[in-house]
Structure formats: C-alpha cells, structure tokens
Amino acid sequence: AEIQFTHDSNRLVFPGYPWAIREVCTARDRYLTYIMARRLATNGALVLLDRFPLSQIQFMDGPQIEWLTSNYPTNGLIKFLVRQEKKYYQKMMPPDVLIVLLADPETAVRRKIDETEDSVRARSSEVWEIDWSQTSACVIDASRSKDAVISDVKQLIWSRL
C-alpha cells in the first residue's frame, strides 16, 4: 500500500501488517548499510549516504510504524514491530557532515514526476519548514540548476577533508 503523507494526523491510514513488517526490514537494511559505511569511513574512505534518517524528519527514512498507527488501537504485534524498528534507527549515530539540499515544495513536485504530487509535496514541505539554523546541517539551495548544486556540494565536501 502506498502511504499518503499528510501533516493531518486524522487522515493517516494504517497500511497493514505486511507494510509494518517491511518497515522493520527496511530499518534493519539501513542499519546494516550504516554499519558498512561507518566501517569504510573508519578505514579512511569518503562515504556519502543519501536520505539519512534524522530525528527532525518524520515522513522519510526513519521510524514509520509508530506515527502511522497513532490513530489505531495497538496490539502486541504492533508494539513489538515499533520497538524493533526504533532499535535499528537508535543505533545510528548522526552523520559527520549533514548536507541538506533545500528546494521549495513546488520545485520538488515539478522535478519528481515519478511519484504522486501530494506525497512529494508533503515530504518536501516537512524538510522546507524545518529551521535548519538550529542544527549543524550545511544547507544548500537546491532550487538552482543541477550543476550549481553539485558544484556547491563538491566544494563543501572538499572544504571538510
């Protein structure tokens, strides 16, 4: 089932148990990728991870089960799956350098044509509305051309090496 992302918690629809089990498996896979990335970085490699789980972001790349079941009675299975999913994400330390590519939601919708507009708009709005100045994030204006954004990212990475 496709998740319809929304800021309105009354419109959340629990997609079902297979989805929740898949979310735990996704969390485990992300954790294993994180472990491999940390190992490479510890050995001197430069590692770039896209869409890293962040506590500020609810709609992407982090624990999903608890907030998507918030309007539904929970049972033992859901509670177990919530704990398992959280366990994997809690083991992941913040990145050494966090780069946020920030584009207004309507620009994101125009660019991301392989997903529903509502889904892209909700996720993009969430990132857009965060006050990144209160974090250690390096924010790059992603509303510009792809070449300009890539140039800024490269410059930022080189400045940190």
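Placed above this text is the structure.
Residues numbered from 1 in each chain as written. Predicted model: local features only at pLDDT ≥ 70, side-chain atom pairs only at ≥ 80, totals over all residues. Heavy atoms only, no water.

Chemist: How should I be thinking about the environment of Tyr34 in this particular structure?
Modeler: Looking at the element boundaries, Tyr34 is found in helix H1 (residues 17-42). In this structure the C-alpha to C-alpha distance between Tyr34 and Val82, which are 48 residues apart in sequence, comes to 20 Å. (Helix = DSSP H or I, 4+ residues; strand = E, 2+ residues; numbered from the N terminus.)

Chemist: Sorry, what's going on with unusual backbone geometry here?
Modeler: The phi torsion of most residues other than glycine is negative, and most of the peptide bonds are trans. For Arg51, which is not glycine, the phi dihedral falls at a positive 55°. Here Arg51 shows up in the loop between H1 and helix H2 (65-68). The phi dihedral of Asp61 falls on the positive side, at around 55°, and the residue is not glycine. Structurally, Asp61 is set in the loop between H1 and H2. In this structure Asp61 comes out as buried when scored by relative accessible area, which is 7%. (Buried < 20%, exposed > 50% of the residue type's maximum accessible area, 1.4 Å probe, protein only.)

Chemist: When you look at H1 in this model, what are you seeing that I'm missing?
Modeler: An α-helical segment advances 3.6 residues per turn. Residues three or four places apart therefore align on the same side. Taking 1.5 Å per residue as the helical rise, H1 with its 26 residues ought to reach 38 Å, and the 37 Å between its terminal C-alpha atoms agrees with that figure. Trp19, Ala20, Glu23, Val24, Ala27, Tyr31, Tyr34 and Ala37 are the residues of H1 that are buried. Here the buried face of H1 lies against H2 and helix H3 (76-90). (Expected span 1.5 Å × (residues − 1). Contact = heavy atoms within 4.5 Å.)

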